[in-house]
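Coordinate analysis (summary)
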Amino acid sequence: MQRFCRCLWLGMALAALLAACVSSPPESATPGAPAAHAPAAPARPGGTLVVATPNDPGQLNPGLTTAFGTHLVTGNIYSGLLQFDDKLQPQPNLAERWEVSPDGKTYTFFLRRNVTWHDGKPFTSADVAFSFEQVLLKYHARTKAGLEKVLEAIDSPDAATVVFRFKAPYAPLLRRLDVVEAPILARHVYEGADVQRSEANLKPVGTGPYKFAEYVKGDRVRLVRNASYFKPGLPLLDEVVFRIVPQSTTALLALERGEVDYTTGVPGPEIARLARSTELKLVKAPAGPGGSFCIEQLIFNLARPPLDRLAVRQAFAHAIDRRRILEQVHFGQGRVASGPIASSMAWAYDPGVPQYAFRPAMAKELLGQAGVAQLAVTFVHAPQFQKTAEVVRENLAEVGVSVQLKTLEVNAANEQIFVKKDFDLGIGSYCNGPDPEVGVTRAYASWNIGPIPFSNGSGYRNARVDQLFAQAAATVSEPARAELYHEVQAQLVRDLPYLWLVETELFRAYRADVRDLRPWSGDLAERAWLEKR
């Protein structure tokens, strides 16, 4: 008898362990947020949702980047095999059901039939295989780092079936198949072309709820309803417009005036006031289009002396006041970070790792012992990190380090840091994902050093760390995986290839007449509708 269910695990003992691994929910990603169910009877079709975003996406191929600004838009154009509910639990999407072999090494996905791309061409298993083999495993920092070494093959036995075969049991797979971690691209659009430079990156063709209509760089991206969407009755909106508004204060003003309906960032001083508003709603969002459980971290370029010396990096760690960054820059939204794994991921987090306390005198002493005097460094960063960069510059000046700030548009900053490697200090928001294997590995695995945004930007290499990540990925027992990740954290904190600043927890805001948004996911507007329009 064929056995299947929404999250089917075959094999008695292994089944229980794997199920525990993929069904242990993190804290609700959106306390008080709209539910993830289908729109209720009062839902009204039509209207335009206007979203304020601080970042120009730069391009619209989500397989090439993990950047929030790109995925906020493209998560509504493309689809993943699976979709997360508001507890970050995997649900069917392009795949309507799946099976897992008793040994945990083979995953078989049964695809929805009669799904079409926005240009009318049929969606098939060949698109899934192409997306992974030719795009995601080459350019998507998190997917490449996690699957490149463990995935043996992807088979397409027929148009509606995809089989992932692994070299060893791989429990986290279902956590990395949504539209953020594994967007499925059209083979017929990209095959034979240079994926990184294709014209389709500015005129995307997806299977998602909305179709691309217009992209005016620096101003807006406009999407229109996909009348052939594979989920009956969805989407409800006629259009979704993403307005590029770099300043959060400007975006909030537009929200209060009714010029936009949703904004991805809320200035800290305004949170208490907005919480009392009857016209606006706040939602806390540790997860979203760029990933989940994110850590703002300073990137040391280990190829640049003297940052290749541990004592100098330790000096920087003691010189920078992370508590001040949390309170003055983030207005208390989050926690001071202690290492590479966010404390929100409690099962894998080790609270006992050594800490680098704010001790400027110790920083001076370490620099003296290293024989470093009159050190000058260049700090490359995007505009959203300006205030953090200013605190870092001030802190380091107090211990004799001169910091030149180089502020670049977000896509240019990512190019400078991750592709050209032309920086001393960089900064990025590295999202852990719902599992360390999804979002942590990519930043430290030596096999993920390369010209890919949000990969191993520091150029860090440690064979033992590589081994631990690989072992954790192939381990089914969550307690056993936790022990491995605890050792990873201890080693990384000792080696200090990055300085982990703040575990960010941001608030989103939207107008009270907007219903059924999905702010924890990539497909924000799939089910959204407007009570007033």
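Criteria and thresholds
Residues numbered from 1 in each chain as written. Predicted model: local features only at pLDDT ≥ 70, side-chain atom pairs only at ≥ 80, totals over all residues. Heavy atoms only, no water. Helix = DSSP H or I, 4+ residues; strand = E, 2+ residues; numbered from the N terminus. Buried < 20%, exposed > 50% of the residue type's maximum accessible area, 1.4 Å probe, protein only. Contact = heavy atoms within 4.5 Å. Lys, Arg positive; Asp, Glu negative; His and termini not counted. Charge placed at Lys NZ, Arg CZ, Asp CG, Glu CD. pLDDT = per-residue confidence, 0-100. Disulfide = S-S within 2.5 Å. Pairing = 2+ DSSP bridges. Axes fitted to C-alpha atoms, helices over the stretch in contact; angles between N-to-C directions. Core = buried A, V, L, I, M, F, W, Y, C linked by side-chain atoms within 4.5 Å. Parallel < 35°, antiparallel > 145°, perpendicular 65-115°, else oblique. Left-handed = near helix turned anticlockwise from the far one by under 90°. Nonpolar A, V, L, I, M, F, W, Y, C, P; charged D, E, K, R; others polar. Salt bridge = Lys/Arg side-chain N within 4 Å of Asp/Glu carboxyl O.

1. A closer look at the overall build of the chain
A tally of regular secondary structure across the chain gives 15 helices and 23 strands. The principal-axis extent of the C-alpha atoms belonging to the chain is close to 70 × 55 × 45 Å. Put simply, the chain has 533 residues, and 62% of those count as buried. At a minimum sequence separation of 6, the contacts of the chain that also span at least 24 residues come to 74%. Charge separation in the chain, taken as the distance between the mean sites of 58 positive and 55 negative side-chain charges, equals 1 Å.

2. Things to note about the confidence of the model for the chain
Taken as a whole, the chain shows an average pLDDT of 89; of its residues, 91% reach a score of 70 or greater. Throughout residues 1-41 the model reports pLDDT below 50, and contacts reaching past four residues in sequence, or to other chains, amount to 102 contacts.

3. Section: the state of the cysteines
Here the structure, examined in full by the defined rule, presents one disulfide. Sulfur-sulfur distance for the disulfide between Cys294 and Cys431 comes to 1.9 Å. Measuring the twist about the S-S bond at about 90 degrees, one finds the Cys294-Cys431 disulfide to be right-handed. With Cys294 in strand β15 (residues 294-300) and Cys431 in strand β19 (residues 425-431), this residue pair connects regions lying 137 residues apart in the sequence. Each member of the pair Cys294 and Cys431 is classed as buried.

4. Comments concerning the sheet that holds strand β6 (residues 151-158)
Strands sit in the order β4-β5-β7-β6 across an open sheet of four strands; the sheet is antiparallel. Either end of the sheet is taken by a strand with one partner, and the two such strands are β4 (95-100) and β6. Between one strand and the next, the sheet's axes are offset by a mean angle of 20 degrees, whatever the strand orientation. Strand direction decides the pairing type here: β4 and strand β5 (residues 106-111), joined by five bridges, are antiparallel. Across the sheet, residue Glu99 finds its bridge partner in β5, namely Thr108.

5. Comments concerning the sheet that holds strand β1 (residues 48-53)
One key point about sheets: their strands pair by backbone hydrogen bonds, in either a parallel or an antiparallel sense. One open sheet holds the seven strands; their spatial order is β8-β9-β10-β1-β11-β21-β12, and the pairing between them is mixed. Since the sheet does not close on itself, it has two edges, and those belong to β8 (210-216) and β12 (280-285), each with one partner. Where β1 lies against strand β10 (residues 239-244), six bridges are found, and the strand directions are parallel. Bridge pairing links Leu49 to Val240 in β10.

6. Digging into the nonpolar core
The biggest cluster of nonpolar side chains holds 76 residues, and the ones touching the most others in it are Phe316, Leu396 and Tyr444. Beyond its immediate stretch of four places on either side in the chain, Tyr444 contacts Gln297, Pro340, Asn456, Tyr460, Val465, Asp466, Phe469, Leu492, Pro497, Tyr498 and Trp500. Trp98, Leu111, Val162 and Ala182 belong to the second largest nonpolar core, which has 39 residues in total.

7. What about unusual backbone geometry?
At the junction of Leu234 and Pro235, the peptide bond is cis and its omega measures out at -5 degrees in the coordinates. When you line up the elements, Pro235 lands in the loop between β9 (220-225) and β10. Pro305 connects to Pro306 through a cis peptide bond whose omega is 0 degrees. Inspection of the secondary structure assignment puts Pro306 in the loop between β15 and α8 (310-319).

8. Considerations on the packing of helix α14 (residues 463-473) against helix α15 (residues 478-495)
The interhelical angle for the contact between α14 and α15, taken along N-to-C directions, is 160 degrees, at an axis separation of 9 Å. By the angle between their axes, α14 is roughly antiparallel relative to α15. As α14 packs across α15, the resulting crossing turns out to be left-handed. Residues Arg464, Val465, Leu468, Phe469, Gln471 and Ala472 of α14 form the contact with α15, whose participating residues are Arg481, Leu484, Tyr485, Glu487, Val488, Gln491 and Leu492. Tallied by class, residues from the contact of α14 with α15 come to eight nonpolar, two polar and three charged.

9. As for the pattern of salt bridges
Once the charged atoms of two side chains with opposite charge are near each other, the side chains can pair. All chains considered together, the criterion is met by 28 salt bridges. Here Arg335 ties to Glu503 by a salt bridge, and the two come within 3.2 Å at their closest N and O atoms. Pair noted here: Arg335 is in strand β16 (residues 334-336) and Glu503 is in strand β20 (residues 498-504), with a separation of 168 residues, a long-range link. Overall, Arg335 belongs to the partly exposed group, its relative accessible area being 29%. Take Glu503: its relative accessible area is 2%, and that puts it in the buried class. Connected through salt bridges with shared partners, the residues Glu214, Asp219, Arg220, Arg222 and Glu239 form a single ionic network.

10. Digging into the packing of α8 against helix α10 (residues 360-369)
Put simply, α8 and α10 touch, their axes get as near as 7 Å, and they point 165 degrees apart. As the angle between them shows, α8 and α10 are arranged roughly antiparallel. In this structure, α8 crosses over α10, and the sense of that crossing is left-handed. Together, Ala311, Val312, Gln314, Ala315, His318 and Ala319 of α8 and Pro360, Met362, Ala363, Leu366 and Leu367 of α10 make up the contact between the two elements. Classifying every residue of the contact of α8 with α10 gives nine nonpolar, two polar and no charged.

11. Some points on the pairing of β6
Of the strand pairs in this sheet, β6 and strand β7 (residues 161-166) are connected by five bridges, and their pairing is antiparallel. Along β7, the bridge assignment pairs Ile154 with Phe164.

12. Concerning α8
Counting buried positions along α8 yields eight of 10 residues, so the element is predominantly enclosed. For α8, the complete set of buried residues consists of Val312, Arg313, Gln314, Ala315, Phe316, Ala317, His318 and Ala319.

13. Describing the environment of Pro479
You can see Pro479 is positioned in helix α15. For Pro479, a relative accessible area of 58% gives the class exposed. Note: C-alpha distance between Pro479 and Ala200 (279 residues apart in sequence) is 44 Å.

14. So, the side chain of Thr264
Within the secondary structure layout, Thr264 lies in the loop between β11 (262-263) and α7 (271-275). The exposure class assigned to Thr264 is buried, which follows from its relative accessible area of 6%. If we skip the residues at most four places from it in the chain, Thr264 touches Ala52, Thr53, Pro54, Phe68, Leu72, Phe507 and Arg508.

15. Structural notes on the pairing of strand β21 (residues 506-511)
With respect to burial, β21 is a largely interior element, five of its six residues being buried. Pairing of β11 with β21 involves two bridges; the strand directions are antiparallel. For Tyr262, the partnering residue across the bridge sits in β21 and is Tyr510. Across six bridges, β12 lies against β21 in antiparallel orientation. Across the sheet, Lys284 pairs through a bridge with Phe507, a residue of β21.

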